[in-house]
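# Geometric and topological summary
Here are the chains, one letter per residue:
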Amino acid sequence: MHQSGFVNIVGKPNVGKSTLMNALLGQELSMVNPKAQTTRHRIKGILNDEHYQIVFSDTPGIMKPAYKLHHKMLAAVEETFTDADVVIYVTEVNDRKIEEDLKVKLTVLSVPLYVIINKIDTAEQSVVEEAVEFWKETLKPKVILPISALHNFSVDNIVTELLKDIPEGPAYFDKDEAVSDRNMRFFTAEIVRERILSLYQQEIPYSVEVVVTSYKEDETIDRISVVIYCARETQKAILIGHQGKAIKKLGMESRKKLETVLEKQVFIELTVKVADDWRDNDNMLKRFGYEI
Ligand SMILES: Nc1nc2c(ncn2[C@@H]2O[C@H](COP(=O)(O)OP(=O)(O)OP(=O)(O)O)[C@@H](O)[C@H]2O)c(=O)[nH]1
Ligand SMILES: [Mg+2]
């Protein structure tokens, strides 16, 4: 028997959705960062086994939209309620709040709902038990599991449960090759954006989009050109920094990370451009791959 299915991971920003998907895959595929709104696109991560293929979708955090960008991000989440075999709602151990309309969406799903209570390494056992009771009552999920995605605690139990709910069927993606639906250009842009989240403060990380304009693979080195778009001229100056120091640091850290991932030498060239208020510009958003 072979099982095959789609499992979509949703939740508020920063609860550890990407950390969880990476733990499930045993691979650092989706970018993780202490700041909220790290994930902007739906990213599929594929778990292959001799007997099954589970296609996970990591999604942007559900928040109140302030820009058209956020509406597009939320549209990517919306999709995931309707094309899954199982929906996983991730919450943090201390969180007891849920918007009414999200609650309704989760309770009327036609597929099993799992509630994953994450970050239990940060709380007492009694708090974990409280959380379990609260979410059982609030969302009436088929499965509820307290875990720590960061410490890979109890993550395996999710797969065990999923195999009870995932239908029989052939693999959707080539099992020998596919780990994601995204390519190296996409992950390169994500790696640079993650470094921007870490290196810059305040609104900067939320005002940039990263585009890989050229990616040339030679035998011993990958040569990559990247354009960083920001929303205003003042942000460009901050991104570049005094005597170009900030952008140099960003280039160096991005290169190091890429070289670790690719196990290969990398040359990366960063250029900063202004795309006025791109977060509210439909054409720019489309160009940047926010398709829905
Ligand atoms: N202590 C603890 N921290 C965790 C755990 N899981 C994730 N984190 C941390 O929580 C932060 C957010 O993790 P992400 O995986 O980026 O969260 P996300 O839900 O994907 O966030 P967005 O993409 O911004 O919506 C990171 O600093 C993680 O290291 C956990 O089990 N325990
Ligand atoms: Mg994420």
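Note: the structure precedes this text.
First things first, this report covers the structure right here in the doc. These figures come from a predicted structure and were not determined experimentally. (Residues numbered from 1 in each chain as written. Chains lettered and ligands numbered in written order. Predicted model: local features only at pLDDT ≥ 70, side-chain atom pairs only at ≥ 80, totals over all residues.)

Once that is clear, we can look at the overall build of the protein chain. Secondary structure summary: the protein chain contains 10 helices and 9 strands in total. Its C-alpha atoms give the protein chain a radius of gyration of 20 Å, within 12% of the compact-globule value 19 Å for 292 residues. Projected onto its principal axes, the C-alpha coordinates of the protein chain cover approximately 55 × 40 × 40 Å. Across the protein chain, every contact between residues at least 6 apart in sequence was considered, and the portion connecting residues at least 24 apart equals 68%. (Helix = DSSP H or I, 4+ residues; strand = E, 2+ residues; numbered from the N terminus. Rg over C-alpha atoms; globule rule 2.2 N^0.38 Å. Contact = placed C-beta atoms within 7 Å.)

In this section: helix α9 (residues 245–262). Look at α9: 26 Å from first C-alpha to last across 18 residues, which is about the 26 Å you get at 1.5 Å a residue. Inspection of α9 places Leu250, Ser254, Arg255 and Leu258 among the buried residues, and these make up the whole buried set. Along the long axis of α9, the arc covered by the buried residues comes to 130 degrees, so they all point the same way. More than 90 degrees from the buried face of α9, the exposed residues found are Lys245, Met252 and Thr260. Taken together, the buried residues of α9 touch α6 (184–199) and β9 (265–274). The positive-phi residue at the C-terminal boundary of α9 is Glu263, with phi of around 50 degrees. (Expected span 1.5 Å × (residues − 1). Buried ≥ 20, exposed ≤ 12 C-beta atoms within 10 Å, placed from the backbone. Arc of directions from axis to C-beta.)

A word on the pairing of strand β7 (residues 209–217). Relative to strand β8 (residues 221–230), β7 runs antiparallel, the two sharing 8 bridges. What sits directly across from Lys216, in β8, is Arg223. Counted between consecutive antiparallel strands, the loop separating β7 from β8 contains 3 residues. (Pairing = 2+ DSSP bridges.)

The next point concerns the sheet that holds strand β6 (residues 143–146). Within a sheet, each strand pairs with its neighbour through backbone hydrogen bonds, oriented either parallel or antiparallel. Read from one edge of the open sheet, 6 strands run β2-β3-β1-β4-β5-β6, paired in mixed fashion. Bordering the open sheet on either side are β2 (43–48) and β6, each of which pairs with just one other strand. Strand-to-strand twist in this sheet, taken as the mean axis angle between neighbours without regard to direction, amounts to 20 degrees. Note that strand β5 (residues 113–118) and β6 share 4 bridges and pair parallel. In the sheet register, Ile117 faces β6, and the bridge partner there is Pro146. (Axes fitted to C-alpha atoms, helices over the stretch in contact; angles between N-to-C directions.)

Time to look at the site of ligand 1. Surrounding ligand 1, one finds 24 residues, the nearest of these being Gly16, Ser18, Thr39, Gly61 and Leu150. Broken down by class, the residue content of the shell around ligand 1 amounts to 8 nonpolar, 13 polar and 3 charged. (Near = placed C-beta within 6 Å. Nonpolar A, V, L, I, M, F, W, Y, C, P; charged D, E, K, R; others polar.)

Attention shifts here to unusual backbone geometry. One non-glycine residue, Asn14, lies in positive phi territory at about 75 degrees. With respect to the secondary-structure elements, Asn14 resides in the loop between β1 (3–11) and α1 (17–25). By C-beta crowding, Asn14 is classed as buried, having 20 other C-beta atoms within 10 Å. Phi at Asp277 takes a positive value of approximately 45 degrees, unusual for a residue other than glycine.

This part covers the pairing of β1. Remember that side chains alternate between the two faces of the sheet whenever the strand is regular. Of all 9 residues that make up β1, 7 are buried, and the element is covered over most of its length. Bridging between β1 and strand β3 (residues 52–58) involves 7 bridges; their strand directions are parallel. When the bridges of β3 are listed, Phe6 appears paired with Val55. Direction of pairing for β1 relative to strand β4 (residues 86–92): parallel, over a ladder of 5 bridges. Bridged to Gly11 within β4 is Val90.

Relative to the helices and strands, Asp181 is located in the loop between α5 (155–165) and α6. Sequence spacing of Asp181 and Ser57 is 124 residues, and the spatial spacing of their C-alpha atoms is 9.8 Å.

Turning our eyes to something else, we now look at the packing of α6 against α9. Running from amino to carboxyl end, α6 crosses α9 at an angle of 130 degrees, the nearest separation of the two axes being 9 Å. With respect to α9, the axis of α6 lies oblique. Viewed along their axes, α6 and α9 form a crossing whose handedness is right-handed. Between α6 and α9, the residues in contact are Thr188, Ile191, Val192, Arg195, Ile196 and Leu199 and Lys249, Leu250, Glu253, Ser254, Lys257 and Leu258, respectively. Among the residues forming the contact of α6 with α9, the class breakdown is 6 nonpolar, 2 polar and 4 charged. (Parallel < 35°, antiparallel > 145°, perpendicular 65-115°, else oblique. Left-handed = near helix turned anticlockwise from the far one by under 90°.)

On to the environment of Ala237. By the secondary structure assignment, Ala237 is in helix α8 (residues 233–240). We classify Ala237 as partly exposed; it has 13 C-beta atoms within 10 Å. A sequence separation of 35 residues divides Ala237 from Val272, and the C-alpha atoms of the two residues are 9.1 Å apart.

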